[in-house]
Each structure stands twice: as structure tokens, then as C-alpha cells.
Number of protein chains: 2
Amino acid sequence: MMAVLFVSQRRAEIPRLHSAFPDVRRINPDQARVMVDSGDRIWLMTDHPDWPALSGMLAAQEAIVVVMSLAPNEAEALKALQAGARGYVHALSPSELLGQVALVTSNQGVWVPAELLSKVVGVAFTSLGGHESLPQESLSALTERERAVALAVAEGRTNKEAARQLDITERTVKAHLGAVFRKLGVRDRMQLVLRLAKQGEKVA
Amino acid sequence: MMAVLFVSQRRAEIPRLHSAFPDVRRINPDQARVMVDSGDRIWLMTDHPDWPALSGMLAAQEAIVVVMSLAPNEAEALKALQAGARGYVHALSPSELLGQVALVTSNQGVWVPAELLSKVVGVAFTSLGGHESLPQESLSALTERERAVALAVAEGRTNKEAARQLDITERTVKAHLGAVFRKLGVRDRMQLVLRLAKQGEKVA
DNA sequence: ATGAATATTGGACCGATGGACAAGCCGGGA
DNA sequence: TCCCGGCTTGTCCATCGGTCCAATATTCAT
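Residue numbers run consecutively from 1 along every chain, following the written order of its sequence. The naming scheme follows written order: chains are lettered A onward, ligands numbered 1 onward. Only residues with pLDDT of at least 70 get local features here, since the model is predicted, and only at 80 or more are side-chain atom pairs given and counted; chain-wide, interface and lining totals rely on the full set of residues. Side-chain metrics in this entry use all non-hydrogen atoms of the structure; hydrogen atoms and water are not considered.

What to know about helix H3 (residues 51-60) of chain B
Residues and elements named next belong to chain B. Looking at H3, one finds that the buried residues are Trp 51, Leu 54, Ser 55 and Leu 58. Mapping the buried residues of H3 onto a view down its axis gives an arc of 100°, with all of them on the same face. Contacts are residue-level and defined by heavy atoms, with any inter-residue pair within 4.5 Å sufficient. Numbering of helices and strands runs from the N terminus; a helix is a DSSP stretch of H or I covering at least four residues, while a strand is a stretch of E covering at least two. In this structure, the buried side of H3 is in contact with strand S1 (4-7), helix H2 (29-35), strand S3 (41-45), strand S4 (64-69) and helix H4 (74-82). Downstream of H3 by one or two residues, Glu 62 has phi in the positive range, about 65°. To sort residues, take the accessible area from a 1.4 Å probe on protein chains only and compare it with the maximum for the residue type: under 20% means buried, over 50% means exposed, and anything in between is partly exposed. To be clear, the arc concerns the directions from the helix axis to the C-beta atoms.

Notes on helix H8 (residues 144-154) of chain B
Burial in H8 of chain B covers these residues: Glu 146, Val 149, Ala 150, Ala 152, Val 153 and Ala 154 of chain B. The first or second residue beyond H8 of chain B is Gly 156 of chain B, which carries a positive phi of 100°.

Section: the nonpolar core
Residues Ile 42 and Leu 58 of chain A together with Ile 42 and Leu 58 of chain B are the most contacted members of the largest nonpolar core, which totals 46 residues. Residues belong to a common nonpolar core when they are buried Ala, Val, Leu, Ile, Met, Phe, Trp, Tyr or Cys residues joined through side-chain atoms within 4.5 Å. Ranked by size, the runner-up nonpolar core spans 38 residues in total, among them Val 180 and Leu 192 of chain A together with Val 149 and Val 173 of chain B.

Section: the protein's contact with DNA strand D
The criterion for a residue being near a molecule or strand is simple. One of its heavy atoms has to lie within 4 Å of it. The environment of DNA strand D is made up of 19 residues, and the closest members are Thr 143, Arg 171 and Thr 172 of chain A together with Arg 171 and Arg 189 of chain B. Put simply, 62% of the atoms of DNA strand D that lie within 4 Å of the protein are in sugar or phosphate. Take His 176 of chain A: an N or O atom from its side chain is 2.8 Å from a phosphate oxygen of DNA strand D. Mapped by element, the contributors of at least two residues to the surface near DNA strand D are helix H8 (144-154) and helix H10 (170-184) of chain A together with helix H9 (159-166) and helix H10 (170-184) of chain B. By the criterion applied in these results, polar contacts are pairs of N or O atoms within 3.5 Å in which, for protein atoms, one can donate a hydrogen and the other can accept it, and in which residues neighboring in sequence qualify only through two side-chain atoms.

A closer look at the packing of aromatic side chains
Residues and elements named next belong to chain A. Whether two aromatic rings pair depends on their centres lying within 6.5 Å, for rings of Phe, Tyr and Trp, where Trp uses its six-membered ring; planes under 30 degrees apart make the pair stacked, over 60 edge-to-face, and the rest tilted. Evaluation of the coordinates by the stated rule reveals two aromatic pairs over all chains. Note on Phe 21 and Trp 43: the rings are 5.5 Å apart at their centroids and 35° apart in plane angle, and the pair reads as tilted. You can see Phe 21 sitting in the loop between helix H1 (15-20) and strand S2 (25-27) and its partner Trp 43 sitting in strand S3 (residues 41-45), a full 22 residues away along the chain. Looking at Trp 43, the relative accessible area reads 3%, which means it is buried.

Quick look at the structure:
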């Protein structure tokens, strides 16, 4: 458990990664889906065409994904974070920095190179003006926690993932979700997301 | 050096912050500009009207700023990060969590509550126009039957309902659906409907 | 004709989901 | 102080959803 894995298509290894984490093992992208376990720390190279999908899949399995690029840039950083990665770093960073990244990401933190961070945040900030509160129409009938659960689920998260994000048990997520279904008159999570999507487009 | 400071207008102290950091001292917002030094760790309450400006000033002095709010929300989180804060957290978080936040932010990391993180990153990403694949594009990768099943499921039907509609077995629906998931790189029907919804709004 | 892709179905397996029934904790109001 | 609504967790259980291993038939291209 808690394995440290280096996922890359072409590159066999990264010396500084090994010096920072002697236990690191290298696996192929297509091996990743079956070899990765919850809590594993994944260093994912961007040398595979489908690395965002792979990142999303690994993140969904509650692995801690850090994307490594040989040519870091803003767009790729955002893609990585959107794909569930907890970090985005230059592949040839010093081992001390890699250790720092691991420390941060292992504690619910996000690590992005300082020069990219400001851009990421800036972009997010400037784009917030338009579509801030979309689906609060029917959500107003819900309590705060029910709303939080509903939104998490409507974003495609599983009950387990929603539980982890809200720091409650899966059982509590089910309780809130059941209340949401009852109040909104929908039968399951699919109907919920469709309902919210429909209202979202009405506002927009 | 490396002082831990709690900056708040009204609130005298936060018990859990003290238990996490016994050395923390409380100062007023107007004292902050002169008392803060490089490397200091600042816990900044949002109970002052000009807290974003204050955060920016402290960040410019290379202090590590974590914004604390009694009612965390997406807009405020973005405001905090845009103002140079390294973290944004609920003011009444457990002391263990506060310790984690300090650990992350002290190591170049960014800390945002899990439920807000996805939104912040998501907003940033969608504003960049990072999508390449249009709806026809992704659906064209599917066969005719796969597309029919995908659409039925994306409209909220269960496998059983989709089977009845297409006059095939539920088992066959599962088979096609599995192929759809594999080709589109999604893990389940929720991700599918979200994918199609996202692409749909771009076309519209 | 032979192989590749597609469509269909079966069985089995197991995790995810939603409901039913119960119950403890906490904060605010009567 | 007592009550109530919201938040939290538990167990049990039926169903749904997704995947793996096959199998058969059809079409199309080489």
C-alpha cells in the first residue's frame, strides 16, 4: 500500500525522482488502471496522448496524481488539475522540490509552479463574473449540506468521492442524497444532474 | 522570525488555531502592515472589509497567507487566491486540518477545501477553451448502436429502459455502453452525460 | 475466402446505489 | 429545560451498474 509509481510511455526513469523516492517503481500507462490502488502516489509523465484521461481515472481511484512535464505551460497545468491531478511539476525538478511536492500533495494540497500559479488563479478569477451561481433555483429548497452533496454528485462524483471531499462518511452522503431526491422529486443521480443542467441553461 | 500571526478585526482568537499553534499571536488588521515579516505565517480572517488588499500586501512581503472564513464559498476562495493567499479554509476547522494547511502552504503548496477546489480549477479550465473534441467528434468515434445507447443513457434512462427502447437485451446495452465508456475515456454514465452536456453547451 | 469490425446475447462477479429502519449529537427556539 | 430540525452514522437488503470471459451471426474489405 501507499506505493510510489512512475507512469511513463517512453522514459524509463527519472534519476532525481529515484533519489527522492527510492521505492518508486515504473509502470506503463496501460498497466496503471489495474496496478494503482487507493492512496498510491503517482508521478505521471505527459508523454502519453491520453494522459489526462489516465489522470482522471487514477484520481477517481483516490490515488494522488502529480503530472510531470518536460515543457510546463499554463494550458497543460490546467488540464492536469482539471483531470484530478494534485500537482504539476517540471519532470527534471531537483529531488528536494519533488519531496516538497509529495509532502504538499499528500496533505490535500495542490502544487503548481509559482510562475504558473498566478496565471491559473488569475484566469479563474477573471472568468468568474459571468456564470457564478447557476443551479440555485431548486437547490434553495435544500439545506446547506444537502446542497453540497447534491452539487458534488451532480459533478459526477461517486458517493465515496463526495464523502471524502466533504469529510463525512459515505453513509451520510447517502442520507443527504436521499433527502435531495425526495425534495426535488427525482429518482436517482442521473435525473438530478439532468435537472440541474436544464436549469443551468435556463439561467445562462 | 517565522512568527505565526492571527489577523482579525472582531474575533479575539480561535481556540483550535491556538491548540494547533501555541505560539500564535493575534494582531489587528491595521497593525499587520508593520508587524509582518518575510516568512511569517498569517491566518487572515475575512471580517475586515479590505482583507483582499491586506492579503495582497502581506503576500508581497513574502508572508504565507491563509485566509480564514466563517462561510467559505467559491467566489471568496478565488478572491483569496487572487490576492496572493496560499490557502483558504474554514475558520472553525479542526486543529489537525489547520496543521495540515500550514504544512502544505509552508511548502509552496496551495490549500483549498476539497469541495471548492474542483470548482476553482474547473472554472479556470473551461475559460481557457482547452477542449478539442466536439460532440460530433466524440460521438463519431462510436458505432451507430453505441451512439444510440449512449444517447438513451445520457437522457437519464436506466439500462433496462434503454434496452426496452432499442428492443434489445439489457445485457447488450451493457456491452455497447462498455464500449462507449472505453472509447470516450469515461468511467461511468455520469461522466458520459457530463461530457455530452459540456460539449453541447459549447456548440450552442 | 479469410480476417476484422460490428451487433447480439449469455453468465458470473462485485462494487455502487438507493431505500428502510434506527439512533446519537448539537444548536436554537419556545 | 424540553423540543425540533439539521447533521451524522449504523445495519440490512434489493437492485442497478460495470467488467470479464465467452460465444454466435453478419457485413465489409483485402
